[in-house]
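Structural characterization, general
Here's the letter readout for the chains.
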Amino acid sequence: MGDDVLQIQSESTTLPWTLHRSWLPPLTAIDWSSTLMRRVHWQQPIVQVYGRHHPVPRLTMFLAEQDVSYRYSGTRHCGAGWPNWFLPMLNQVNTACGCRFNGCLLNLYRHGEDRMGWHADDEAEIDQSQPIASLSLGSNRDFQLRHRHQRQHRHTLELTSGDLLIMHPGCQRDWLHGVPQRRRIKTPRINLTFRCFQPR
Ligand SMILES: O=C(O)CCC(=O)C(=O)O
Ligand SMILES: [Fe+2]
């Protein structure tokens, strides 16, 4: 039993992410969800897989500084500058992480059928020496992580409204992550991932 405790401790100190539960208080999280639902022009990109076109199983939006562009779901998205109403959120996340994020990908999972497949945010456009900060609002969803080379290393974090997950440098290199379908969930979740992009 003593060995188990040590094992868990040494593992938890080396995992390249930190989860801050209830980083936003519940009512603040609800306020931000409704602001984002209302103000964001949510889109549903179409992706081509083996020559067939499919809408992605969630809605998305990219907010970023003007000199930033990001290719995801088969299309290049260009930053249009931060909207003023978003700045209080951005500043708070910047302060918590000690960085200056210049882009944020927003995902709206309308219900439990919306999802995100296994991937890593390891594109060359992203400065991999910086963390990626992920803020969750609304319904609880499982966030899964799987080591790329040690397949037995898997973690499931149930992310709840107001949680801030910081993925540290190395996380995208060594781990894949995803948000699986959960059919019993009927209410929406919003996730914001703050990223540092290389300037164009
Ligand atoms: O919804 C989440 O928690 C994860 C989102 C994500 O992995 C991404 O936007 O790249
Ligand atoms: Fe991701």
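Residues numbered from 1 in each chain as written. Chains lettered and ligands numbered in written order. Predicted model: local features only at pLDDT ≥ 70, side-chain atom pairs only at ≥ 80, totals over all residues. Heavy atoms only, no water.

In the nomenclature of an unreviewed UniProt entry, the chain is known as Possible alkylated DNA repair protein of Parasynechococcus marenigrum.

**Looking at unusual backbone geometry**
Backbone geometry places Tyr50, a non-glycine residue, at a positive phi of 50 degrees. Mapped onto the elements, Tyr50 comes out in the loop between strand 2 (46–49) and strand 3 (52–55). By relative accessible area, which is 83% here, Tyr50 ends up exposed. The phi angle at Ser73 is positive, at roughly 45 degrees, despite the residue not being glycine. With respect to the helices and strands, the residue Ser73 is situated in the loop between strand 5 (69–72) and strand 6 (75–78). Residue Ser73 is classed as buried on the basis of its relative accessible area of 17%. (Helix = DSSP H or I, 4+ residues; strand = E, 2+ residues; numbered from the N terminus. Buried < 20%, exposed > 50% of the residue type's maximum accessible area, 1.4 Å probe, protein only.)

**Description of the nonpolar core**
Within the largest apolar cluster, 29 residues are counted, with the highest numbers of intra-cluster contacts made by Phe86, Leu192 and Phe194. Sorting the residues of this core by element identifies helix 2 (26–39), strand 4 (59–64), helix 3 (87–97), strand 7 (103–109), strand 9 (132–138), strand 12 (164–167) and strand 14 (189–195) as the ones contributing at least two each. Tallying contributions element by element places helix 3 first for this core, with 4 residues. Those residues in contact with Leu192 that lie beyond four places of it in its chain are Leu36, Phe86, Cys104, Leu105, Leu106, Ala133, Ser134, Leu135 and Leu137. Grouped together as the second largest cluster of nonpolar side chains are 14 residues, Tyr109, Leu157, Leu165 and Cys171 included. (Core = buried A, V, L, I, M, F, W, Y, C linked by side-chain atoms within 4.5 Å. Contact = heavy atoms within 4.5 Å.)

**Considerations on the coordination of the iron ion (ligand 2)**
Bound to the iron ion (ligand 2) on the protein side are His119 (NE2), Asp121 (OD) and His177 (NE2), at distances that span 2.1 Å. Coordination of the iron ion (ligand 2) draws on donor residues from a single chain, spaced H-x1-D-x55-H in sequence. Classification of Asp121 as buried rests on a relative accessible area of 5%. (Donors = N, O, S within 2.8 Å, 3.2 Å for Na, K, Ca; no water.)

**Examining the environment of Met37**
Residue placement: Met37 occurs in helix 2. The partly exposed category is assigned to Met37, whose relative accessible area is 36%. If sequence neighbours within four positions are ignored, Met37 has contacts with Trp42, Leu108, Pro188 and Ile190.

**What to know about the UniProt feature "binding site: substrate" (unreviewed entry) in the chain**
Here the UniProt-annotated "binding site: substrate" (unreviewed entry) positions come out as Tyr70, Arg71, Tyr72 and Asp122. The largest pairwise C-alpha distance within this set of annotated residues, which runs over 53 residues, is 11.9 Å, so the set is compact in three dimensions. Tracing the backbone shows Tyr70 in strand 5. For Tyr70, a relative accessible area of 1% puts it in the buried group. In this structure Tyr70 touches Phe62, Thr75, Arg76, His77, Leu105, Asp121, Glu123, Glu125, Ile126, Arg195 and Phe197, once residues within four positions along its chain are discounted. (UniProt positions renumbered as here; feature names shortened; annotations may be inferred.)

**Things to note about the sheet that holds strand 10 (residues 141–147)**
Strand order across the open sheet formed by 4 strands is 8-13-10-11, with antiparallel pairing between neighbours. Two strands lie at the open edges of the sheet, namely strand 8 (116–119) and strand 11 (154–159), each paired on one side alone. On average, adjacent strands in this sheet sit at an angle of 15 degrees to one another, irrespective of strand direction. Judged from the 6 bridges that link them, strand 10 and strand 11 form a sheet pairing that is antiparallel. In the sheet register, Leu145 faces strand 11, and the bridge partner there is His155. (Pairing = 2+ DSSP bridges. Axes fitted to C-alpha atoms, helices over the stretch in contact; angles between N-to-C directions.)

**Here we look at the site of ligand 1**
Neighbouring residues of ligand 1: 13 residues in total, closest Asn107, Tyr109, His177, Arg189 and Arg195. Separating an oxygen atom of ligand 1 from a side-chain N or O atom of Tyr109 is a distance of 2.6 Å. For ligand 1, the protein covers 99% of the area, taking 300 Å² as the surface of the free molecule. Breaking the shell around ligand 1 down by element, the ones donating at least two residues are strand 7, strand 8, strand 13 (175–179) and strand 14. At 4 residues, strand 14 tops the list of elements feeding residues into the shell around ligand 1. (Near = heavy atom within 4 Å. Polar contact = N/O pair within 3.5 Å; in protein donor to acceptor, adjacent residues only side chain to side chain. Areas by Shrake-Rupley, 256 points an atom, 1.4 Å probe, with all protein chains shown as cover.)

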